[in-house]
Amino acid sequence: MPVRIALLNLIQQIDQLLAQLSEEDYCRPIPEFDYHSLGQHFRHILEFFQCLQQGAAAGLVDYSARPRNALYESQPSLTRQAFEEVARSLVLLDPEHPIAVCADLGTEEQLCYGSTLGRELVYAFEHAIHHLAIVRIGLTCRFPHVYTEYTLGVAPATLKARQQAAKAL
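Residues numbered from 1 in each chain as written. Predicted model: local features only at pLDDT ≥ 70, side-chain atom pairs only at ≥ 80, totals over all residues. Heavy atoms only, no water.

Novice: What is the right way to read the pairing of strand β2 (residues 98-103) from this model?
Specialist: Two strands pair when backbone bridges link them, and strand β1 (residues 60-62) and β2 are joined in this way by 3 bridges, in the parallel orientation. The residue bridging V61 from the neighbouring strand is V101, located in β2. The pairing of β2 with strand β3 (residues 111-116) spans 6 bridges and is classified as antiparallel. Note that in β3 the partner of I99 across the bridge is S115. (Pairing = 2+ DSSP bridges. Helix = DSSP H or I, 4+ residues; strand = E, 2+ residues; numbered from the N terminus.)

Have a look at this one:
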């Protein structure tokens, strides 16, 4: 399934970035991020995938109930291992399987909606792209020695639109 391939490619891209970052760089507060770190963004991406992984088994995904594990903010090697585990489990999910998704929208009651694992895999992919765009800004501003692919943090639809625009010139 294409979403699985896209997720595996994305996680491979994340792994290549994490392999290049020292713990010091990974944890360093970045002014452009309101003094948050790259590690905090990678933890956030990872925990959305983990919520989906755990929710698939339970039949209910709640992205608001993330554990916010600080170890993933400070240890890029541990984060790499966790992404590898997530990659192995996400490819086994049946995208047609129905699932409930709960959300905390700042109201007193928590809202739940029907979805499918396929829709949530797409959501997790798009969410990760968004955060990788932010990560890319931090890397460009503070860590120019880290190699980033031109596709990092760019949605596939944007890449296609850029290619079409270039052909039109």
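Novice: What is the right way to look at the packing of aromatic side chains in this model?
Specialist: Describing an aromatic ring pair means giving the distance of the ring centres and the angle of the ring planes. Per the stated rule, a full pass over the model turns up 5 aromatic pairs. Seen in terms of ring centroids, F49 and F83 are 6.3 Å apart; in terms of plane orientation they differ by 75 degrees. Their pairing is edge-to-face. Of this pair, F49 sits in helix α3 (residues 38-58) while F83 sits in helix α5 (residues 76-90), placing them 34 residues apart in sequence. Per residue, the accessibility class of F49 equals that of F83, and both read buried. Ring pairing ties together the aromatic residues F48, Y63 and Y123, which thus form one cluster. (Phe/Tyr/Trp six-rings, centres within 6.5 Å; stacked < 30°, edge-to-face > 60°. Buried < 20%, exposed > 50% of the residue type's maximum accessible area, 1.4 Å probe, protein only.)

Novice: What is the right way to look at the layout of surface pockets in this model?
Specialist: Take a probe with the size of a water molecule and roll it over the atoms, and the empty space left behind shows itself. What the largest pocket holds in volume is close to 250 Å³. Together, 14 residues line the largest pocket, and A6, N9, L10, Q13 and T151 are the ones closest to its centre. The element best represented in the lining of the largest pocket is helix α1 (residues 2-20), accounting for 6 residues. Broken down by class, the residue content of the lining of the largest pocket amounts to 7 nonpolar, 5 polar and 2 charged. (1 Å grid on protein atoms, 1.4 Å probe; cavity = no way out; pocket = protein on both sides within 12 Å on 5 of 7 lines; lining within 4 Å. Points joined across faces, edges and corners; volume = space filled by probe spheres on them. Nonpolar A, V, L, I, M, F, W, Y, C, P; charged D, E, K, R; others polar.)

Novice: Help me understand the state of the cysteines in this model?
Specialist: A covalent bond bridging the sulfur atoms of two cysteines is what the word disulfide describes. Overall, the coordinates contain 1 disulfide when judged by the stated rule. In this model C102 forms its disulfide with C112; the gap between the sulfur atoms is 2.0 Å. Taking the sign of the torsion about the S-S bond as the criterion, the disulfide between C102 and C112, at about 90 degrees, is right-handed. Here C102 is found in strand β2, whereas its partner C112 is found in strand β3, with 10 residues between them in sequence. For the unlinked cysteine C27, the closest cysteine sulfur is that of C141, found at 19 Å. (Disulfide = S-S within 2.5 Å.)

From the geometry alone we can't say anything about function, so treat these as descriptive.
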